[in-house]
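Topology and contacts: notes
Spelled out, the chains give:
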Amino acid sequence: MTGDATVAVVMMVLAALAALAAAGRARGTDEEARGNRTAARREVTYDGRALILDGARRMLFSGDMHYPRSTPEMWPGLIAKARKGGLDVIQTYVFWNAHEPVQGQYNFDGRYDLVKFIREIHAQGLYVSLRVGPFVESEWKYGGLPFWLRGIPNITFRCDNEPFKRHMQKFVTKIVNLMKDERLFYPQGGPIIISQIENEYKLVEAAFHSKGPSYVHWAAAMAINLQTGVPWMMCKQDDAPDQIINTCNGLICGETFLGPNSPNKPALWTENWTSRYPVYGQDQRYRSAADLAFAVALFIARKKGSFVNYYMYHGGTNFGRFASSYVTTSYYDGAPLDEYGLIWQPTWAHLRELHAAVKQSAEPLLWGTYSNHSFGQQQEGHVFATESECVAFLVNFDKHKVATIQFGEEVFQLAPKSISILSQCRELVFETGKINAQHGLRTAQVVQSLNHIDRWKIFKEPIPTVPSKISNGGDKLYEHLSTTKDETDYLWYLTAYNYRRNGNGQLVLHVEAHAHILHAFINNDYVGLVHGSHDQRGNIVLKEPISLREGRNFISLLCVMVGSPDSGAYMERRVFGVRKVSIKRKQQRPHSMDNEMWKHQVGLSGEVNKIYTPKGSSHAEWTAIDRSMHLPLIWYKTAFDTPLGDDPVTLNLSSMGKGEVWINGESIGRYWVSFKTPSRQPSQSLYHIPRYFLKTGDNLLVLMEEIGGDPLQITVNTMSIARIYGSVSEFSTPSLLSRENHPSVHLRCQKGKHITDIEFASYGNPVEDCRESGQSCHGSCHAEMSEFIVKNACLGRRKCVVPVRAAKFGGDPCPGIAKSLSVVAICG
């Protein structure tokens, strides 16, 4: 190279660098860029537009996955699917009560191996958002706070209270030091790029009066002083101190978020709710892929959002007793990855397309000048432009009508409740309201029916009375959680009542309890039960007619919690348990028993003896089922074989009532199928058994049935996406992730399966959203070669792509009519 040429190249480089600097681009020099690839240069900062990694602003998509809600064997597959879905970051809470169940005794093993989880994320090239909390809520028992905190003298949770702050700081410091020791923060070469202190504190701050704001500032200063090298955030905290980023949680942060509380902070969305967590007694509420995508695009367009996290991206399972009050064992099953880790379509793929469309225009979004435009009462535009690049978001809020607008030199048809993303402000690359992704139908295949009565055994839970060996006693009714230490759902209240017949009339037992369920027994005979609900909390009242014998009678009340509270102010003051007990005869004053001598028994006998474990089970006195089905407080035991293959395994408990279930000693959670929803269905009937819990040969299955059920109808199932469906118009926008330049139907079976049959295929104008096979789905226009072409492209393959164009199907079957291709395929 000549000297003149060298000078020319240098001048060109300098000119380019000057242009970048003039545009406000904090990119650094070429030497700095090379340094970005070394650990010495790694840093995370932020400005008013985005998080900045190694000097470069980043557009980041994130998803919540909680390590205790799955198993280590599932983590690699879940993370890989999230990465393929276009995520850059995995976000998780840190669960204090899982890690320190006993004060000073820590557990980071198995599902609680936080370091292993983060290392797996790092190995797959993703970043981590670590929500240390340590209060997390998360529909997790006690909001993640360990129950032993209640026993600390003079403690008040989550406020400017010295005992709480001391223990909170100790745990947060332990987690931060663990991350540092393992070199997991980004400046150390690790994947953690941001952390969260506290969680949605603004919801309770006012309840603590002056001790609320001072606590916020203390928590912020405490976190910053730990010197992690990465930013800290507080969600739903518009008064977050200067060095803490305030972020948004909710369904529609593009509309509700007031924005960062400083121009130097970026707009981050830490919880975009992908559905609503289910509770017993309520129907599942799913969120459509179109609604999710609309919300994300609006947040980016209106709020200049540069970080969006899906809560949850994979919900998983509330194993054991970790679900909070009334919350089901299945958690956010309608997330992009379902409870079992299967891809939930079309949500996963539709969001994947959105991520690609946004990242294609990351340059103007992160560096461009912003402007907005109004096209009508319900239509608006948002434009981000640099000198060389431009992206536009055209918004139609009207839920029912197509909007026609002119933007630049083009006219665009905006679908109802949709946002169109235009690359270079002219080329349509994505529409949030139009779903071109495949749909999937998840099915449960029965692989084993547990209907052999001779393989079932029972253990009848003894109904305690008032033996002297029970030490928990006194002339008052004990508070539930303080007595059980939240180590069991069950607390017995026991007393004796001397009855003297005095006149006629029906006796009525009247019990008030602040609990979720209450069972009553008189002289070991079942009287009845009452239960509350998620939306009607507070006292539950049992009023049941009873018969008493002359003389001494035993009253046994079983108070039951279905999870502990997970949120709210002054959690340490919450009280539960039986409050009032009386016996009343008509037209007579009730006889109060509140101050009688009460004994209390913590837990069930089967729990104490751990008869749900292989060892404990071997020592229990199991008997034949006889006539015990449909009776309360019965333990059931049987064995089943591990299903072949790799498909997720579930237990169908729709014939049971309420209780808990264990597989080889591992609790897969509570069940409550007898509590029907408004649609008269159980909130959850299928219960996930991770394959890691299974073993070769017989697996021990134990259930504690609290209300009464029929175990002979229980089945073992495998879950899979058996039928997939795609429908794409010839006018649809081609996928940015495909090599095809035409709109196409993309079909993909889950890993390990392939397309075994095409149930339906029609190029023409098939019935919209037709998921069933048959001629009834054909419209007035249909290409006869449709099925042959699709079968030739797809049969025997795990995935296939079929372009939606006339030439593919032997010519236009009906000129002048808008056409689409619909396919229903079977995966096996």
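Residues numbered from 1 in each chain as written. Predicted model: local features only at pLDDT ≥ 70, side-chain atom pairs only at ≥ 80, totals over all residues. Heavy atoms only, no water.

Now for the state of the cysteines. Applying the stated criterion to the full structure yields 5 disulfides. With a sulfur-sulfur separation of 1.7 Å, Cys390 is cross-linked through a disulfide to Cys425. In this structure, the disulfide formed by Cys390 and Cys425 twists by about -65° around the S-S bond and is classed as left-handed. Of this pair, Cys390 sits in strand 16 (residues 390–396) while Cys425 sits in the loop between strand 19 (418–423) and strand 20 (427–431), and the two are 35 residues apart along the sequence. Under the relative-accessibility criterion, Cys425 is labelled buried at 14%. (Disulfide = S-S within 2.5 Å. Helix = DSSP H or I, 4+ residues; strand = E, 2+ residues; numbered from the N terminus. Buried < 20%, exposed > 50% of the residue type's maximum accessible area, 1.4 Å probe, protein only.)

Attention now moves to the sheet that holds strand 25 (residues 507–514). In spatial order, the strands read 28-25-30-31; together these 4 strands make up an open sheet with antiparallel pairing. Either end of the sheet is taken by a strand with one partner, and the two such strands are strand 28 (539–546) and strand 31 (591–592). Pairing between strand 30 (residues 577–585) and strand 31: 2 bridges, direction antiparallel. Looking at strand 31, one finds that Ile583 is bridged to His591. (Pairing = 2+ DSSP bridges.)

Moving on, we get to the sheet that holds strand 3 (residues 56–58). The strands making up a sheet are joined through hydrogen bonds of the backbone, oriented either antiparallel or parallel. Across the sheet, which stays open at both edges, the 3 strands sit in the order 1-2-3 with antiparallel pairing between neighbours. Each having just a single partner strand, strand 1 (44–46) and strand 3 make up the two edges of the open sheet. Looking at each pair of strands side by side, their axes are set apart by 40° on average, direction ignored. Relative to strand 3, strand 2 (residues 51–53) runs antiparallel, the two being bridged by 3 bridges. (Axes fitted to C-alpha atoms, helices over the stretch in contact; angles between N-to-C directions.)

What helix 16 (residues 786–794) keeps buried is the set Ser786, Ile789, Val790, Ala793 and Cys794. An end-on view of helix 16 places all buried positions within 110° of arc, on one side of the element. Helix 16 presents Phe788 and Asn792 as exposed residues on the side facing more than 90 degrees away from its buried surface. Taken together, the buried residues of helix 16 touch strand 40 (744–748), strand 41 (755–764), strand 42 (799–803) and strand 43 (820–827). (Arc of directions from axis to C-beta. Contact = heavy atoms within 4.5 Å.)

For Ser533, the location among the structural elements is in the loop between strand 27 (525–531) and strand 28. Polar contacts involving the side chain of Ser533 include one to the main-chain amide nitrogen of Gln536, which spans 3.3 Å. In this view, Ser533 contacts Tyr326 and Phe675; residues no more than four positions away in its chain are not counted. (Polar contact = N/O pair within 3.5 Å; in protein donor to acceptor, adjacent residues only side chain to side chain.)

Turning next to the confidence of the model for the protein. Mean pLDDT for the protein: 93, with 94% of residues reaching 70 or above. Confidence scores differ between elements of the protein, with helix 1 (residues 3–22) showing the lowest mean pLDDT of 33 and strand 5 (residues 89–93) the highest of 99. Note that pLDDT drops below 50 for residues 1–39; the model gives that stretch 22 contacts with residues more than four away or on any other chain. (pLDDT = per-residue confidence, 0-100.)

Attention shifts here to the packing of helix 6 (residues 162–181) against helix 8 (residues 211–225). Angle between the axes and distance between the axes are the two parameters that describe a pair of packed helices. Between helix 6 and helix 8, the shortest axis-to-axis distance is 11 Å and the interhelical angle comes to 25°. Our classification of the angle between helix 6 and helix 8 gives roughly parallel. Classified by chirality, the crossing of helix 8 by helix 6 is right-handed. Touching Phe164, Lys165, Met168, Gln169 and Val172 of helix 6 are Tyr215, Trp218, Ala219 and Met222, all from helix 8. Looking at the contact of helix 6 with helix 8 residue by residue, the class counts come to 7 nonpolar, 1 polar and 1 charged. (Parallel < 35°, antiparallel > 145°, perpendicular 65-115°, else oblique. Left-handed = near helix turned anticlockwise from the far one by under 90°. Nonpolar A, V, L, I, M, F, W, Y, C, P; charged D, E, K, R; others polar.)

A few words now on helix 8. Its 15 residues give helix 8 an end-to-end C-alpha distance of 21 Å, which sits within 8% of 21 Å, the value for a rise of 1.5 Å per residue. Taken together, the buried residues of helix 8 touch helix 6, strand 7 (192–197), helix 7 (202–205), strand 8 (232–235) and strand 9 (244–250). (Expected span 1.5 Å × (residues − 1).)

Here the focus is a positive patch on the surface. A cluster of basic side chains, namely Lys84, Arg739, Arg748, Lys751, Arg798 and Lys799, defines a positive patch on the protein surface. The residue Arg748 is located in strand 40 in this model. (Patch = residues over 30% accessible without salt bridge, like charges linked within 9 Å, V, L, I, M, F, W, Y side chains within 5 Å. Areas by Shrake-Rupley, 256 points an atom, 1.4 Å probe, with all protein chains shown as cover. Salt bridge = Lys/Arg side-chain N within 4 Å of Asp/Glu carboxyl O. Lys, Arg positive; Asp, Glu negative; His and termini not counted. Charge placed at Lys NZ, Arg CZ, Asp CG, Glu CD.)

This brings us to the pattern of salt bridges. Charged atoms that come close allow side chains of opposite charge to pair. Across all of its chains, the model carries 29 salt bridges by this definition. We note a salt bridge from Lys819 to Glu730, for which the minimum N-O separation is 4.0 Å. Separated by 89 residues along the polypeptide, Lys819 in the loop between strand 42 and strand 43 and Glu730 in the loop between strand 39 (715–729) and strand 40 bring together distant segments of the chain. For Lys819, a relative accessible area of 3% translates into the label buried. On the basis of relative accessibility, which here comes to 23%, the residue Glu730 falls in the partly exposed class. Salt bridges linked by common partners bring Lys202, Glu205, Asp238 and Asp239 together as one network.

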